[in-house]
Amino acid sequence: MRIVEIREVAVHLDQAIANAVVDFSRHTISLVALVSDQVRNGRAVCGVAFNSIGRFAQSGIVQDRLIPRIAAMPPEDYAGTDGTLSPARLARAMMRDEKPGGHGDRASAIAAIELAAWDLKAKLLDEPAFSTVARAFGRDHSIGMHVYAAGGYYHPDDGINRLRGELNGYREAGFTDVKIKIGGAPWSQDAARIEAAIEVFGSAARVAVDANGRFGRTQATGLGRELAQYGLRWYEEPCDPLDYSTLRELSQSYPHPLATGENLFSLPDSINLLRYGGMRPGVDIFQMDAGLSYGLTEYAGIIAALEAAGHDRSQAMPHGGHMINLHIVAGLNLGGCEAYPAVFQPFGGYLPDLVIENGMINLPQQPGFGLEFKPELAPHIERLIA
Ligand code: MG
């Protein structure tokens with residue numbers, strides 16, 4: 001199997017929403033297609049993926065470094081011992097001439113292509129990606145999966161009634177758990193938002209909050225004291241993602257679960273979190289995201305590191321509520337998946353025929369990640385591979 005061409009396009013998110021630090025109305029995402037030399041039903045089989053959400057498209061790195069690097073390789077460089085496409089070897093080959101460390105935008109550029117290789121591999125086997133992933137990592141894939149609605153962003157012309165309406169919509173759609181943003185408004189307003197979410201979902205244990213790494217030590221621990229009264233599902237990214245000292249302090253003082261990891265982009269960074277962040281086995285939640293951290297190969301290594309440090313893989317719930325992570329969570333038997341039912345289109349959310357009941361979702365059966373079957377994304381993919 002040979003990759004004959006790689007295409008990439010930057011796609012704009014189509015919504016004006018914000019968290020405590022980012023206005024997403026200006027954000028883009030890299031959509032990539034690996035065109036193979038294999039033909040099914042008269043068309044070349046293409047692997048399609050994107051680089052998660054929240055770190056902008058990586059057109060420069062993809063087009064200037066990665067595509068020429070792969071084009072110059074013989075196919076044996078990305079083939080496994082059985083001769084089939086090896087996403088792990090492709091990821092390693094993409095790192096040629098790259099120094100270690102500094103895992104920033106490069107990590108999500110490589111991730112987009114590595115994930116497209118998983119999509120291609122699954123399509124060549126004519127099976128959903130979770131099957132391919134489970135087999136590759138020696139797991140039996142999950143049957144149904146827990147998903148929670150991630151929303152409660154700050155909107156222009158925001159108000160508590162708009163938020164309440166949004167959250168009621170998630171309940172009606174079958175979700176039992178929700179996450180909302182905090183830290184982008186004064187505490188009195190955020191407290192009202194949290195209390196509205198608790199009221200709609202019936203219990204604080206059903207409501208998580210996300211401060212998006214906005215706060216320094218004093219504010220993060222101060223907010224922890226305010227939040228402790230509620231007993232929330234988790235308190236996410238209370239401080240800078242690399243401030244392991246503050247995380248450790250919070251893990252010793254905040255009595256309920258903390259969550260972090262979506263802004264760590266590598267196995268070495270994750271190991272540092274495990275060594276120095278005070279994360280509590282059986283309590284805290286890990287949100288590293290394959291689409292932001294060199295792809296699934298690196299991500300599976302991160303899960304193995306969590307387990308080696310005494311944590312359970314059910315504590316892993318990756319950032320990013322979209323089809324790619326749904327397959328990864330199912331294939332690796334992780335604790336659950338974020339869902340973006342109403343935000344981050346055309347990438348966010350799942351296929352329309354995947355019914356959510358009681359916070360559980362059935363698995364998609366289309367080959368690969370099934371991105372072509374998502375109505376909002378299909379036209380972008382069709383244009384890219386036409
Ligand atoms: Mg988050």
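Residues numbered from 1 in each chain as written. Predicted model: local features only at pLDDT ≥ 70, side-chain atom pairs only at ≥ 80, totals over all residues. Heavy atoms only, no water.

Colleague: Honestly, the packing of aromatic side chains in this entry has me stumped. Any pointers?
Modeller: Two aromatic rings, taken as a pair, are described by how far apart their centres are and by the angle between their planes. In this structure the tally under the stated criterion is nine aromatic pairs. Ring centres 4.7 Å apart and planes at 75 degrees place the aromatic pair Phe 24 and Phe 344 in the edge-to-face group. Placement of Phe 24 in the loop between strand S1 (3-12) and strand S2 (28-40) and of Phe 344 in the loop between strand S10 (337-339) and strand S11 (356-357) is noted, with a sequence separation of 320 residues between them. Residue class for Phe 344 comes out buried when judged on its relative accessible area of 2%. (Phe/Tyr/Trp six-rings, centres within 6.5 Å; stacked < 30°, edge-to-face > 60°. Helix = DSSP H or I, 4+ residues; strand = E, 2+ residues; numbered from the N terminus. Buried < 20%, exposed > 50% of the residue type's maximum accessible area, 1.4 Å probe, protein only.)

Colleague: It is not clear to me how the sheet that holds S2 should be interpreted in this structure. Could you clarify?
Modeller: Strand order across the open sheet formed by three strands is S1-S2-S3, with antiparallel pairing between neighbours. Pairing within the sheet leaves two strands with one partner each, and these edge strands are S1 and strand S3 (43-50). Geometrically, the sheet is characterised by an average inter-axis angle of 25 degrees between neighbouring strands, direction not taken into account. The pairing of S2 with S3 spans seven bridges and is classified as antiparallel. (Pairing = 2+ DSSP bridges. Axes fitted to C-alpha atoms, helices over the stretch in contact; angles between N-to-C directions.)

Colleague: Can you help me understand the coordination of the magnesium ion in this one?
Modeller: Around a metal, the idealised angle for a tetrahedral arrangement of four donor atoms is 109.5 degrees; for an octahedral arrangement of six donor atoms it is 90 or 180 degrees. Here the magnesium ion is held by the protein donor atoms Asp 210 (OD), Glu 236 (OE) and Glu 262 (OE), which lie 2.0 to 2.2 Å from it. As a motif over one chain, the donors of the magnesium ion read D-x25-E-x25-E. Placement of the pair is Asp 210 in strand S6 (residues 207-210) and Glu 236 in strand S7 (residues 235-236), with a sequence separation of 26 residues. For the pair formed by Asp 210 and Glu 236, the shared burial category is buried. (Donors = N, O, S within 2.8 Å, 3.2 Å for Na, K, Ca; no water.)

Colleague: Looking at this model, I keep getting lost on the side chain of Ser 36. Mind explaining?
Modeller: Looking at the secondary structure, you find Ser 36 in strand S2. Given a relative accessible area of 2%, Ser 36 falls into the buried group. A distance of 3.1 Å separates the side chain of Ser 36 from the backbone nitrogen of Gln 38, its partner in a polar contact. At 2.8 Å, the side chain of Ser 36 forms a polar contact with the backbone oxygen of Val 45. Ignoring sequence-local partners within four residues, the contact set of Ser 36 consists of Met 1, Arg 2, Ile 3, Val 4, Ala 44, Val 45 and Leu 120. (Polar contact = N/O pair within 3.5 Å; in protein donor to acceptor, adjacent residues only side chain to side chain. Contact = heavy atoms within 4.5 Å.)

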